[in-house]
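Okay, here's what each chain looks like letter by letter:
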Amino acid sequence: PGTRHALQVATAGDERGFYLFGGGRHGMKGFKPHVFDDLWYFEELAVVGDTLRGKWTRLGEAATAKAATPPMPWPHARSHHTLTPLAPRSGADCGV
């Protein structure tokens, strides 16, 4: 997903990874910051010393982007927000 700040992270129910959504990146001096609307999943593959190794999978981005339309309603780009995982028994219908 690249360098960014003010992003949202939530653990995945599989105990092997986490989700990352949005965040922002400041442009060069005089440019507006860029705010992201993409969702990523990180799957842990190994822990080597102090380093977590794994792979990133891009799950989608807003329908206004050039990528394929996500399979669900998609939030607008944002930063400094919270991403909350819901347990399967929560009754919420919001699968990824």
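Up top is the structure these notes are about.
Residues numbered from 1 in each chain as written. Predicted model: local features only at pLDDT ≥ 70, side-chain atom pairs only at ≥ 80, totals over all residues. Heavy atoms only, no water.

Chemist: Looking at this model, I keep getting lost on the pattern of salt bridges. Mind explaining?
Modeler: For side chains bearing opposite charge, pairing can occur when the charged atoms are close. As enumerated under the stated definition, the model contains three salt bridges in all. Note that Asp38 is salt-bridged to Arg4, the shortest N-O span being 2.9 Å. Within this pair, whereas Asp38 is found in the loop between β4 (34–35) and β5 (39–48), its partner Arg4 is found in the segment before β1 (8–11), the two being separated by 34 residues in sequence. Neither residue differs from the other here; Asp38 and Arg4 are each classed as buried. A salt bridge links Asp38 to Arg58, with the nearest nitrogen and oxygen atoms 3.8 Å apart. Here Asp38 is found in the loop between β4 and β5, whereas its partner Arg58 is found in strand β6 (residues 51–60), with 20 residues between them in sequence. Note on Asp38: relative accessible area 4%, which makes it buried. For Arg58, a relative accessible area of 42% gives the class partly exposed. Here the salt bridges share partners, and the residues they tie into one network are Arg4, Asp38 and Arg58. (Salt bridge = Lys/Arg side-chain N within 4 Å of Asp/Glu carboxyl O. Helix = DSSP H or I, 4+ residues; strand = E, 2+ residues; numbered from the N terminus. Buried < 20%, exposed > 50% of the residue type's maximum accessible area, 1.4 Å probe, protein only.)

Chemist: What am I meant to see in the environment of Gly17 here?
Modeler: For Gly17, the location among the structural elements is in strand β2 (residues 17–21). For Gly17, a relative accessible area of 14% translates into the label buried. It is 9.0 Å that separates the C-alpha atoms of Gly17 and Leu45, two residues lying 28 residues apart in sequence. Look past the residues within four positions of Gly17 in its chain and what remains in contact with it is Thr11, Ala12, Tyr41, Phe42, Glu43 and Glu44. (Contact = heavy atoms within 4.5 Å.)

Chemist: Before we go on, may I ask you to explain the pairing of β5 in this structure?
Modeler: For a regular strand, side-chain orientation follows a simple rule: the groups alternate between the two sheet faces. Relative to β5, β2 runs antiparallel, the two sharing five bridges. Residue pairing in the sheet places Gly17 in a bridge with Glu43 of β5. Alignment of β5 against β6, held across nine bridges, turns out to be antiparallel. Within β6, the residue paired with Val48 across the bridge is Thr51. Connecting the antiparallel pair β5 and β6 is a turn made up of two residues, with Gly49 showing a positive phi of about 65 degrees. (Pairing = 2+ DSSP bridges.)

Chemist: Even after reading the chapter, I still don't get the packing of aromatic side chains, so can you show me in this structure?
Modeler: Centre distance and the angle of the planes are the two values used to describe a pair of aromatic rings. Overall, the coordinates contain five aromatic pairs when judged by the stated rule. Ring geometry for Phe18 and Trp56: centres 5.6 Å apart, planes at 90 degrees, overall edge-to-face. Of this pair, Phe18 sits in strand β2 while Trp56 is found in strand β6, placing the two residues 38 residues apart along the sequence. Owing to a relative accessible area of 36%, Trp56 belongs among the partly exposed residues under this scheme. The interplanar angle of 90 degrees and the centroid separation of 6.3 Å between the aromatic rings of Trp40 and Trp56 together place this pair among those described as edge-to-face. Here Trp40 is found in strand β5, whereas its partner Trp56 is found in strand β6, with 16 residues between them in sequence. Pairwise contacts between aromatic rings join Phe18, Trp40, Phe42 and Trp56 into one cluster. (Phe/Tyr/Trp six-rings, centres within 6.5 Å; stacked < 30°, edge-to-face > 60°.)

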